[in-house]
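Per-entry structural report
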Amino acid sequence: MPVLELKVNGNDCQVLVEHTTSLLEVLREKLMILSPKMGCNTGDCGACSVILDGMLVHSCITPAMVASGKEVITLEGISASGELHPLQKAFQDNHATQCGFCTPGMIMAAKALLDENPKPTEPQIKKALSGNLCRCTGYKKIVESVMAASADNPASGS
Amino acid sequence: MTNSDFFAARDIHEACTRLSQSGKEAHILAGGTDLMVAINRRRLFPHKLIYIGQSGMDAIEVKDGHLVIGAAATHTAVIQSKAVKDHAGLLVDACCSIGSKAIRNIGTIGGNICNASPAADAATALLALGAEVKLVSAHGERAIALKDFFTGPGETVLQPDELLKEIILPLTKGDSRWGWLKVGQRKADVIGIATAAVSLRLEHGTCRDVRIALGAVAPTPLFAAKASAMLEGRTADESLISEVAQAAADETSPIDDARGSAWYRKQICGVLVKRILTAATK
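In this numbering scheme, every chain counts its residues from 1 along its sequence in written order. Written order decides the labels, with chains lettered from A and ligands numbered from 1. Per-residue local features are limited, in this predicted model, to residues with pLDDT of at least 70; the limit for side-chain atom pairs, both in listing and counting, is 80 or more; totals at the level of whole chains, interfaces and linings are taken over all residues.

Details of the overall build of chain B
A run of H or I in DSSP counts as a helix once it spans at least four residues, and a run of E counts as a strand once it spans at least two, with each numbered from the N terminus. Helix and strand counts for chain B come out as 11 helices and 14 strands. Its C-alpha radius of gyration of 19 Å places chain B within 12% of the 19 Å reference for a compact globule of 282 residues. With respect to the principal axes defined by its C-alpha atoms, chain B has extents near 60 × 45 × 30 Å. Buried, partly exposed and exposed are defined by the number of other C-beta atoms within 10 Å of a residue's own C-beta, namely 20 or more, between the two limits, and 12 or fewer respectively, with C-beta atoms placed from the backbone. Across the 282 residues in chain B, those meeting the buried criterion constitute 53%. Put simply, 63% of the contacts in chain B that link residues at least 6 apart link residues at least 24 apart. Throughout, radius of gyration means the C-alpha value; the globule benchmark is 2.2 Å times the number of residues raised to the power 0.38. Contact between residues is assigned whenever the C-beta positions, reconstructed from backbone atoms, fall within 7 Å.

Structure (structure tokens):
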């Protein structure tokens, strides 16, 4: 059984995995990091979204061994200091969390966008979140939250 | 990595050697965005995985008068590449319509080809760009036209000991025109109901190097040879474009499935080709 070594939210981890184990299974079942959710398990819903070496990925269809030697950031990792991340604060202020199942994935997808483009337009936000499904269909407040979080960003870009 | 069921190849030679030793037991893993879906759905249980994501097979470069794209280049890398933008804008448009950002970040162009889905967006665009593919094994390598690569849904000419190394494209010359259109159940993150990719060159109003390809309307991504030939060397006008679009639709052999009916797919193919040709030949 392969040994997977990776960094998760700043912590070095060593885990025994099957070669076909997904990164999501490692996070949820081995490391008890529960913000990434298993929705579809086929890369369609985005509830499992995490950032792998700076890139947004669906952890359910990312083989865990592919993360070998890399760094994973989950929702838990963006508020490690105990302070809410601006996106979390914006989601709270704008009531963008309904049942909450899609929220961690939405915030990670939004974070990946803002890391790349601190001042996105509304169409750019919608496009960036198009891989994340909300079962409550509350996209409007989610998009507004990302707009609100980006408004606080230092301007660089359009 | 020495573990036998997961092997991370450091270069292409290691990947070929391990593949020739493992044969049918092994699957090549790049981004995993198709393979993991099959595994998670219990459709596939590969005994061994040979990972090529860190084997240096992801270079994108202009080499010897061609654009060469390593099979392990991600869709995001293809989209961001200046060389691809300069010489294969059609491929950028097609890759932008694949899955979601999270899929494009890890899924590879080689995977899109080797998975051999009839609806593969990059593969369909590459057919219209006249791509060749280079296949390698421990015993040597061969280059074939991409249109001869696919043999059926999920099936290709790849031998058990072979893997796709790179995609080779001609460089653009002259007044190059292209178009990509995809019809899906929503705008983003979908498998196409039908897609159309066209590439051509205008020479004093005459259409040259015409290549029309269609996705999700045949057992494989389809190069519409008859329709392409019909426009070659001719000046496009409204009636000729209609004839070519009809010929392209006639070349398809779609099926009914959850995404759309065979009848609708055939209809929409003609519409897509007509729209692209009308815009591209102006």
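Now that the structure has been shown, we can carry on.
Structural notes on the environment of B:Ile103
Along the chain, the position of B:Ile103 falls in helix α6 (residues 101-104). According to the C-beta neighbour criterion, B:Ile103 is buried, with 24 such atoms within 10 Å. Between the alpha carbons of B:Ile103 and B:Val190 there is a distance of 11 Å; along the sequence they are 87 residues apart. Those residues in contact with B:Ile103 that lie beyond four places of it in its chain are A:Gly43, A:His58, A:Gly131, B:Thr33 and B:Ile98.

Some words on the sheet that holds strand β5 (residues 71-73) of chain A
All names here are of chain A. Pairing between strands is defined by DSSP: at least two bridges between them are needed. Ordered in space as β2-β1-β5-β3-β4, the 5 strands form an open sheet in which the pairing is mixed. Looking at the sheet topology across the chains shown, the edges are occupied by β2 (11-16) and β4 (55-58). Sheet twist, expressed as the mean angle between neighbouring strand axes with direction ignored, is 40 degrees. Alignment of strand β1 (residues 3-8) against β2, held across 6 bridges, turns out to be antiparallel. The residue of β2 that forms the bridge with Lys-7 is Asp-12. The axes are straight lines fitted to the C-alpha atoms, using for helices just the contacting stretch, and the angles between their N-to-C directions are given from 0 to 180°. Sheet strands touched by helix α3 (residues 103-116): β3 (49-52) and β4. Its angle to β3, the strand with the most contacts, is close to 35 degrees.

Remarks on the sheet that holds strand β4 (residues 60-63) of chain B
Residue and element names in this part refer to chain B. Here we have 5 strands laid out as an open sheet, ordered β4-β5-β10-β6-β7, and antiparallel in their pairing. In the strand order of this sheet, the two ends are held by β4 and β7 (140-145), each with one partner. When strand polarity is set aside, the average angle formed by the axes of neighbouring strands in this sheet is 25 degrees. Pairing between strand β6 (residues 132-137) and β7: 6 bridges, direction antiparallel. Counted as the bridge partner of Val-136 is Glu-141 from β7.

Focus: the confidence of the model for chain B
pLDDT measures how confident the predictor is about each residue, on a scale from 0 to 100. Chain-level pLDDT for chain B is 96 on average; 99% of the residues reach the 70-or-more range. Interface confidence for the predicted complex, given as ipTM, is 0.94, next to a pTM of 0.95.

With respect to helix α10 (residues 238-251) of chain B
Spanning 14 residues, α10(B) covers 20 Å between terminal C-alpha atoms, matching the ideal 20 Å at 1.5 Å per step. Those residues of α10(B) that are buried lie in contact with β13 (206-215), α9 (225-231) and α11 (262-280) of chain B. To estimate the expected span of a helix, count its residues, drop one, and scale the result by 1.5 Å.

Description of the interface of chain A and chain B
Contacts between the two partners involve 24 residues from chain A and, on the opposite side, 24 residues from chain B. Of all the elements in the fold, those that place two or more residues in the side of chain A that touches chain B are β4 and α4 (122-128) of chain A. The leading source of residues in the side of chain A that touches chain B is β4(A), at 4 residues. Under the convention adopted here, Pro, Cys and the residues Ala, Val, Leu, Ile, Met, Phe, Trp and Tyr are nonpolar, Asp, Glu, Lys and Arg are charged, and Gly plus all remaining residues are polar. Looking at side-chain class alone, the side of chain A that touches chain B contains 10 nonpolar, 12 polar and 2 charged residues.

Regarding the pairing of strand β5 (residues 66-70) of chain B
Residues and elements named next belong to chain B. Relative to β5, β4 runs antiparallel, the two sharing 4 bridges. Within the sheet, the bridge partner assigned to Val-62 lies in β5 and is Leu-67. As consecutive antiparallel partners, β4 and β5 are separated by 2 residues, and within that stretch Asp-64 has a phi angle of approximately 50 degrees, a positive value. Taken together, the 5 bridges between β5 and strand β10 (residues 163-170) define a ladder with antiparallel strand orientation. Bridge assignment links Ile-69 to a residue of β10, and that residue is Ile-167.

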